[in-house]
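# Structural characterization, general
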Amino acid sequence: MPVPSPQSPIPVVIDTDPGIDDCLALLLALNSPELDVRAISISYGNTVVENAYRNAVEILRKVKQPVPVRVPLGIGARRPLKRQLQVADDTHGPSGLGYAEVPPAGVILDYVRPLERLLAAQREPVTLVTLGPATSLARVLRANPGLVRDKVSRHVAMIGNIEAAGNQTRFSEFNAWCDPEALATVLAAEIPTEMIGLDVTRKVVIKGSEVERLAQQSPWLHDALRFYVEFHKKREGLDGAVINDVLAIAYLLQPEVLTFSDLRLTVDLDDGQSRGRTKLNPKGSFARVAMEVHPPPVRRLLFERVLAGALVEEAMA
Ligand code: RIB
Ligand code: CA
């Protein structure tokens, strides 16, 4: 895998459903000169797309750069391809960012560019990173498969699980569960997909004590993360929180943190506990699936580039 540098950054487009762990992942990406974040598209998932879009605007405002970051924002997907829209407000809160203060959602999204146009505007092929349901990419594949072939050289997805327990049902991971048909469409397209699922993300945790230490230094992130820690304590008895999406960005920065297996998979399209279950099937679609992770460098990147005063509010404090 390419090891990026500030002199030769990787062009990326990120599709995301911010979302508390998405927020950390976006801040890491936007604070990493080894990545050239060309565009961000917003999806439903952790919260409704109107909240997620508002949250993304707020996150961009918070990024401490020489000047506030100007990244084209677009819309990926408002709802699943055919399933009923269900969001994760128990996990990320009604706003999608826990207890963090955010303005009211107000942008009329009808006039915001779709992911298809964001990709078409790219002068060179990009790495597409999807941090939410697969619906955004599936919609572009259905509408314009040639565009994906021309503009997406690599797809890195936080989605699915093979051996690890699910987090939406006992078998299924949330992003896959939201829209199993979309994930099946993406896998069938056999674009170069690297799946980063719960088998590895469950091992990347921010501790409750580390979140508490943010209270002084970064109250906004502290308010977002303490909601997420409360959820993990209630749901999984964990003193901390699994920061799934951060791993997908950290992997781009330091590819050696993950080890992949070449597998053939199918996605369960039925309902009940196995809805969205990604499982091994020799007749299934090919994907590279991360099965081993080395967490310390991922945590180090997060602490150095995001949690150590990477927000504008500290710059003004
Ligand atoms: O299952 C974890 C995934 O679902 C993460 O992307 C999280 O943000 C939620 O979207
Ligand atoms: Ca997400």
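All of these numbers come straight from a predicted model, not from anything done at the bench.

## A word on the overall build of the protein
Helix and strand content of the protein: 15 helices and 11 strands. When the 317 residues of the protein are sorted by exposure, 61% land in the buried category. When contacts within the protein are restricted to residue pairs at least 6 apart in sequence, long-range pairs at least 24 apart make up 83% of them. Element-wise, carbon and sulfur atoms account for 50% of the exposed surface of the protein, whose accessible area totals about 12,900 Å². In the protein, 36 side chains carry a positive charge and 38 a negative one; their mean positions are 2 Å apart.

## Looking at the site of ligand 1
Neighbouring ligand 1 are the residues D17, D21, D22, N46, L131, M158, N167, E173, F174, N175, N244 and D245. D21 is positioned such that a nitrogen or oxygen atom in its side chain is 2.6 Å from an oxygen atom of ligand 1. Protein chains bury 97% of the 270 Å² of accessible surface belonging to ligand 1 in isolation. Those elements that provide at least two residues to the shell around ligand 1 are α1 (20-30), α7 (174-178) and α13 (244-253). Here the residues of the shell around ligand 1 sort into three nonpolar, four polar and five charged.

## Some details on the coordination of the calcium ion (ligand 2)
Ideal donor angles around a metal are set by the shape: a four-donor tetrahedron calls for 109.5 degrees, a six-donor octahedron for 90 or 180 degrees. Only D17 (OD), D22 (OD), D22 (OD), L131 (O) and D245 (OD) from the protein reach the calcium ion (ligand 2) as donors, at distances of 2.2 to 2.6 Å. Here the donor residues of the calcium ion (ligand 2) are spaced in sequence according to D-x4-D-x108-L-x113-D. Here D17, found in the loop between β1 (10-16) and α1, pairs with D245, found in helix α13; they are 228 residues apart in sequence, far enough to count as distant. Like D17, the residue D245 is buried in the burial classification.

## Notes on helix α14 (residues 295-307)
One turn of the α-helix equals 3.6 residues, which is why residues spaced by three or four share an orientation. Inspection of α14 places P295, P297, V298, L301, L302, V306 and L307 among the buried residues, and these make up the whole buried set. At its buried positions, α14 is contacted by α1, β7 (205-207), α11 (214-217), α12 (219-236), α13 and β11 (285-293).

## Things to note about the pattern of salt bridges
Counting across every chain of the model gives 18 salt bridges. Where R83 meets D271, a salt bridge forms, and the shortest distance between an N and an O atom there is 2.6 Å. Of this pair, R83 sits in the loop between β3 (73-77) and α3 (89-92) while D271 is found in the loop between β9 (258-267) and β10 (278-280), placing the two residues 188 residues apart along the sequence. A salt bridge links R264 to E190, with the nearest nitrogen and oxygen atoms 3.6 Å apart. Here E190 lies in the loop between α8 (180-189) and β6 (193-196) and R264 lies in strand β9, a separation of 74 residues in the sequence. The network of salt bridges with shared partners includes K82, R83, E181 and D271.

## Examining the nonpolar core
With 68 residues, the main nonpolar core has I14, L24, I42, I196, L247, I249 and L258 as its most contacted residues. With 31 residues, the next largest nonpolar core counts V13, V152, M195 and V267 among its residues.

Analysis parameters
Residues numbered from 1 in each chain as written. Chains lettered and ligands numbered in written order. Predicted model: local features only at pLDDT ≥ 70, side-chain atom pairs only at ≥ 80, totals over all residues. Heavy atoms only, no water. Helix = DSSP H or I, 4+ residues; strand = E, 2+ residues; numbered from the N terminus. Buried < 20%, exposed > 50% of the residue type's maximum accessible area, 1.4 Å probe, protein only. Contact = heavy atoms within 4.5 Å. Areas by Shrake-Rupley, 256 points an atom, 1.4 Å probe, with all protein chains shown as cover. Lys, Arg positive; Asp, Glu negative; His and termini not counted. Charge placed at Lys NZ, Arg CZ, Asp CG, Glu CD. Near = heavy atom within 4 Å. Polar contact = N/O pair within 3.5 Å; in protein donor to acceptor, adjacent residues only side chain to side chain. Nonpolar A, V, L, I, M, F, W, Y, C, P; charged D, E, K, R; others polar. Donors = N, O, S within 2.8 Å, 3.2 Å for Na, K, Ca; no water. Salt bridge = Lys/Arg side-chain N within 4 Å of Asp/Glu carboxyl O. Core = buried A, V, L, I, M, F, W, Y, C linked by side-chain atoms within 4.5 Å.

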